[in-house]
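The lines below spell out each chain.
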Amino acid sequence: MLEIEIDGKKLTVPQGSTVIEAAHSIGTYIPHFCYHKKLSIAANCRMCLVEVEKAPKPLPACATPVTDGMKVHTNSDMARNAQKGVMEFLLINHPLDCPICDQGGECQLQDLAVGYGNSASRYQEEKRVVVGKDMGPLISAAEMTRCIHCTRCVRFTEEIGGFQEIGMANRGEFSEILPFLGKTVNSEISGNVIDLCPVGALTSKPFRYSARPWELSRRKSVSPHDGLGSNLIVQVRTGQVMRVLPLENEAINECWLSDRDRFSYEGLNSEERLRVPMIKHGGVWHETDWQTALEYVVKGLNGVSADHGKDAIGVLASPYSTLEELYLVQKLARAFGVNNIDHRLRRSDFRGDEAQQGVQWLGSTILELVSAKSVLLVGSTQRKEQPLLAARLRQAVKKGTELNVLHYAADELLTRVNAGIVLPPQAWVAALGGVLKAVLGLKEGSTTTLDVSAIEISEDAARIAASLVNAESAAIVLGNVAQHHPDFSQLLMLAQEIGRLTGARFGLTTEAGNSVGAELAGALPKRGPLGTTVTAGLNAREMLASPRKAYVLLNTEVEFDSYDSQQAVAAMKAAETVIALSAYKGQGLLDYADVLLPIAPFTETAGTFVSMEGRVQSFNGVVRPLGEARPAWKVLRVLGNMLGLSGFAYDSVEEIRGECLKAGTDVSANLSNTLSSMPVDFSVAATAGLIRAGEVPMYHADAICRRSPPLQLTAEAAAPCAYVHGSVLQQLGLEEGAAVVAVQGDSQVTLPVAVDNRLAAGVVRLACAHPTTVALGGLFDRIELKRGA
């Protein structure tokens, strides 16, 4: 610790601190533009000049390290004159367009010009003009004349984003910030440069010219789009969500947001929003009132129950729903006598259900994961699945973490990879078995009940094993792709064994904002709330493979949210009645549903999400429900009472949450990834032909994102291609860019084929959950490619 005096106040700070950090620690503000606590020091704006005793000239506080006994004056004549001089130079070329600038009211330059600027300019020469740039559908860079060259955006894309998509060209007065080679900015976390820009040079293109900051109310919320549980500030005007910003939480999202979290709000007021209840009669949809719609639902459920029994009804819920909604839907189902309930529509392997000991989760806190010295990612397209967690892992690698990967593609993670195994999905179990065998070889005296004697250890498997064994702390993480994998339970069992032998934590990066909450709430066929024993029912795949006579859908569109969308839609069309509680009236629902009940999305209802690290986060609605939509928990409460079921007299979500969680917000006792012993088959099935690798596109993960116009204009949301290894294209006798017909089951779609030599041979990477591909079958099933017409 070093002693320093700032404006007469004595304090001690850690060695290596800068003057600006020391000043901020005691609440002393030093004006600045280029400095940001999460970025490297640039010291190019010079606004933070301060007087340091015995120094011959003012020094930049952001780049001046503290020395023992240093005395700093932030408000002396020397410091003030230096800061005012810098401000005068910054304003030389700055346009006087504050009245029309979108940054007006929250502009750092505007604020500091009041305190450090002159009332009139002495500059008489012609001001420079910089031509606007195209940075894509999310970021507006139309008025780059406003830029003061703080380079925050440049440093962010390079240091946090991992790839320098924005740079500064030329020198001196001719300097310009621009994307490289005329390209747009396509990072999954690009929107953060809007927050970082201290002036109106980079602004939000969807929000542009729609409201002034002082007109907006600020309300806290939690993102539902992935398992991280990012904290949000939702800004509202006249009952409409106008903008979403990050709420700083160092333990979760730091001060960043992914583009999915930031811009998905544009889908909240989509033309497809369901505003009133609707009933299909004679193949034609009719709007109706709530009473009529609910009576129709009750009559339909009672009719199917009387004619075919309670087992003929299936309940499919979405993990993007709140804890309270999921708890009530399973409570209603079970009280009515229906045990077929599940939220895991995209999962294909349920063999681990019997062996599961608790609620599956990350296996550690986020901070523990990113501080691990060795991390193994299994089946994870990390940048697309968990954008902010991927950014934190990039920072961890810079600090010495070894990142290892098992996947079907050597994707660009924008960071150093210690070892990577790239194999078709059907070979993953054997590959992870090779890592286990290598660990056994490194840990003398260790044993396992799994027979790995016949497995060959690859060079990469040996490197991964050495990384996990030698690390002080290690983690094994199964991503979304692994969770959709047909051998998910075996992959988890192997992760458990490797973790037991190496001391590594193991777990899942959960897909949705409330995947952990869905298990806690008991939205499962074989386990009730908090793991209580219930009468077992059918899981999601069984419900769709053996169609029920009636389905209740909570917040889900099965054609986008299922492992096999072809099978799911066929099951819906075969049912006598399909009851959908939805915020949207998508084309699929209009085709197969019989009644649509409008429910509120997360911004219009109170509720709780439980993140992948088991963090319970409650929030309130930020706007009133649109039209006649109602919070789903209220709809389910009324349905329970109309069905004559007891225990549905709730007045608030707090009552429901208390009944569900019982012990409060600490759910750690219920979290466990441990599986009781189960067999693992290491044989690699011989496959003739191609295997599909169906990933959920980042901006098609849930109903809100799918309807956000700016997100759908991004490169990431473009119509899918069938990506294959170059050798596969040669075997098929096709050329890159040619039209091919992809065939699965009874359906086929025509789309272009593209080469990606990072893919394992024999794999066709073809996105699911997209309107172009919803007609196809299973995510990891056989697929055939034929020459198009």
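All values derive from a computational prediction rather than experimental measurement.

Undergrad: When you look at the overall build of the protein in this model, what are you seeing that I'm missing?
TA: What the protein contains, in helices and strands, is 25 helices and 33 strands. Each of the three principal axes of the protein carries a C-alpha extent, and together these read 90 × 70 × 60 Å. The burial tally for the protein puts 62% of its 789 residues in the buried class. A separation threshold of at least 6 residues defines the contact pool for the protein, and within that pool the share at least 24 residues apart is 72%.

Undergrad: Where do I start with the sheet that holds strand E7 (residues 139-141) in this structure?
TA: One key point about sheets: their strands pair by backbone hydrogen bonds, in either a parallel or an antiparallel sense. The sheet built from 3 strands is open, its strands ordered E6-E7-E10 with antiparallel pairing. Each edge of the open sheet is held by one strand with a lone partner, namely strand E6 (133-134) and strand E10 (203-204). The sheet contact formed by E7 and E10 spans 2 bridges and is antiparallel. Across the sheet, the residue bridging to Ser-140 is Thr-203, located in E10.

Undergrad: Help me understand the pattern of salt bridges in this model?
TA: Once their charged atoms are close, side chains differing in charge can pair, the charge on each being opposite to the other. Per the stated rule, a full pass over the model turns up 37 salt bridges. Put simply, Asp-342 and Arg-344 hold a salt bridge, and the shortest N to O gap is 2.8 Å. For the pair Asp-342 and Arg-344, a shared accessibility class is recorded, and that class is buried. A salt bridge links Arg-505 to Glu-368, with the nearest nitrogen and oxygen atoms 3.5 Å apart. Remark: Glu-368 occurs in helix H9 (residues 366-370) and Arg-505 occurs in strand E22 (residues 505-508); sequence separation between them is 137 residues. Of the residues examined, Arg-505 reaches a relative accessible area of 40% and is grouped as partly exposed. Counted as one network, the salt bridges with shared partners bring together Glu-272, Arg-346, Glu-511, Glu-557, Asp-561, Arg-706 and Arg-707.

Undergrad: I would appreciate a short explanation of the domain arrangement of the protein in the present structure.
TA: Quoted interface sizes are often the accessible area lost when the parts come together. Domain boundaries assigned for the protein yield domain 1 (2-180), domain 2 (278-355 + 513-661), domain 3 (366-508) and domain 4 (690-787). The centre of domain 2, based on its C-alpha atoms, is set 35 Å off from the matching centre of domain 3. Opposite the 9 residues of domain 2 that make contact, domain 3 presents 12 residues. Buried area between domain 2 and domain 3, summed over both chains or domains, comes out near 920 Å², and the portion from carbon and sulfur atoms is 48%. At the junction of domain 2 and domain 3, the tally comes to 1 salt bridge. Put simply, domain 2 and domain 3 have 7 residue pairs in polar contact (both at pLDDT 80 or more) between them.

Undergrad: Explain the UniProt feature "domain: 4Fe-4S His(Cys)3-ligated-type" (unreviewed entry) in the protein to me, please; I cannot follow it from the model alone.
TA: According to UniProt, the "domain: 4Fe-4S His(Cys)3-ligated-type" (unreviewed entry) feature falls on residues 78-117. Span residues 78-117 is 55% helix and 0% strand, its end C-alpha atoms 16 Å apart.

Undergrad: What should I look at first to understand the side chain of His-485 in this one?
TA: The topology assignment puts His-485 in the loop between helix H14 (480-484) and helix H15 (488-502). Take His-485: its relative accessible area is 1%, and that puts it in the buried class. A distance of 2.7 Å separates the side chain of His-485 from the backbone oxygen of Pro-425, its partner in a polar contact. In terms of polar contacts, His-485 uses its side chain to reach the backbone amide nitrogen of Asp-487, at 2.9 Å. The contacts of His-485, once residues within four sequence positions are left out, are Ser-348, Asp-349, Pro-425, Gln-426, Trp-428, Leu-491 and Phe-780.

Undergrad: What am I meant to see in helix H12 (residues 428-442) here?
TA: Given 3.6 residues to a turn, an α-helix orients residues that are three or four positions apart in the same direction. For H12, with 15 residues, the first-to-last C-alpha span of 21 Å sits near the 21 Å given by 1.5 Å per residue. Of all 15 residues that make up H12, 12 are buried, and the element is covered over most of its length. Listed as buried for H12 are Trp-428, Val-429, Ala-430, Ala-431, Leu-432, Gly-433, Gly-434, Val-435, Leu-436, Ala-438, Val-439 and Leu-440. The secondary structure elements touched by the buried residues of H12 are strand E18 (374-378), strand E19 (402-407), strand E20 (419-422), helix H13 (459-470), H14 and H15.

Undergrad: Just checking my understanding: could you explain the packing of helix H8 (residues 323-336) against helix H22 (residues 653-661) for this structure?
TA: Relative orientation and spacing of two packed helices are given, respectively, by the angle between their axes and the distance between those axes. It is the contact of H8 with H22, at a shortest axis distance of 9 Å, that shows an interaxial angle of 70°. Taken together, the axes of H8 and H22 lie roughly perpendicular to each other. Pair H8 / H22 crosses with left-handed handedness. Across the interface between the two elements, Leu-323, Glu-324, Tyr-327, Leu-328 and Lys-331 of H8 pack against Val-653, Ile-656, Arg-657, Glu-659, Cys-660 and Leu-661 of H22. For the contact of H8 with H22, the residue count by class is 7 nonpolar, no polar and 4 charged.

Undergrad: How should the UniProt feature "domain: 4Fe-4S Mo/W bis-MGD-type" (unreviewed entry) in the protein be read in this particular structure?
TA: UniProt annotation of "domain: 4Fe-4S Mo/W bis-MGD-type" (unreviewed entry) refers to residues 216-272 when read in the numbering used here. Helix makes up 9% of residues 216-272 and strand 35%, and the two end C-alpha atoms of the span are 25 Å apart.

Undergrad: Help me out: how do you make sense of a negative patch on the surface in this one?
TA: A cluster of like negative charges, contributed by Glu-287, Asp-289, Glu-295 and Glu-628, occupies part of the molecular surface. Along the polypeptide, Glu-628 turns up in the loop between strand E27 (616-619) and helix H21 (632-642).

Undergrad: What's the story with the pairing of strand E8 (residues 166-169) in this structure? I'm lost.
TA: Side chains on a regular strand alternate between the two faces of the sheet. Sheet topology note: the E8/strand E9 (residues 176-179) ladder contains 4 bridges and is antiparallel. Residue pairing across strands places Gly-167 opposite Leu-178, the latter belonging to E9. The antiparallel hairpin formed by E8 and E9 contains 6 residues in its connecting segment, where Asn-170 sits at a positive phi of about 65°.

Undergrad: Is there a simple way to think about the sheet that holds strand E17 (residues 341-342) in this case?
TA: The strand order E15-E14-E25-E24-E23-E16-E17 describes an open sheet built from 7 strands, whose pairing is mixed. Across the chains shown, the open sheet's two edge strands, defined by having one partner strand only, are strand E15 (284-287) and E17.

Undergrad: Can you walk me through the packing of aromatic side chains in this structure?
TA: Each pair of aromatic rings is reported with the distance of its centres and the angle of its planes. For the structure on display, the rule yields 4 aromatic pairs. Ring plane angle 80° and centroid distance 6.4 Å describe the contact between Phe-648 and Tyr-650, whose orientation is recorded as edge-to-face. Overall, Phe-648 belongs to the buried group, its relative accessible area being 1%. What makes Tyr-650 buried here is its relative accessible area of 4%. Note that Arg-273 overlies the ring of Tyr-584, its terminal NZ or CZ placed 5.9 Å from the centroid. Across the ring face of Phe-336, the terminal group of Lys-310 is positioned such that the distance to the ring centre comes to 4.5 Å.

About the criteria used
Residues numbered from 1 in each chain as written. Predicted model: local features only at pLDDT ≥ 70, side-chain atom pairs only at ≥ 80, totals over all residues. Heavy atoms only, no water. Helix = DSSP H or I, 4+ residues; strand = E, 2+ residues; numbered from the N terminus. Buried < 20%, exposed > 50% of the residue type's maximum accessible area, 1.4 Å probe, protein only. Contact = heavy atoms within 4.5 Å. Pairing = 2+ DSSP bridges. Salt bridge = Lys/Arg side-chain N within 4 Å of Asp/Glu carboxyl O. Domains from an automatic or database assignment. Buried area = accessible area lost by both parts, 1.4 Å probe. Polar contact = N/O pair within 3.5 Å; in protein donor to acceptor, adjacent residues only side chain to side chain. UniProt positions renumbered as here; feature names shortened; annotations may be inferred. Expected span 1.5 Å × (residues − 1). Axes fitted to C-alpha atoms, helices over the stretch in contact; angles between N-to-C directions. Parallel < 35°, antiparallel > 145°, perpendicular 65-115°, else oblique. Left-handed = near helix turned anticlockwise from the far one by under 90°. Nonpolar A, V, L, I, M, F, W, Y, C, P; charged D, E, K, R; others polar. Patch = residues over 30% accessible without salt bridge, like charges linked within 9 Å, V, L, I, M, F, W, Y side chains within 5 Å. Areas by Shrake-Rupley, 256 points an atom, 1.4 Å probe, with all protein chains shown as cover. Lys, Arg positive; Asp, Glu negative; His and termini not counted. Charge placed at Lys NZ, Arg CZ, Asp CG, Glu CD. Phe/Tyr/Trp six-rings, centres within 6.5 Å; stacked < 30°, edge-to-face > 60°. Lys NZ or Arg CZ within 6 Å of the ring centre and 35° of its normal.

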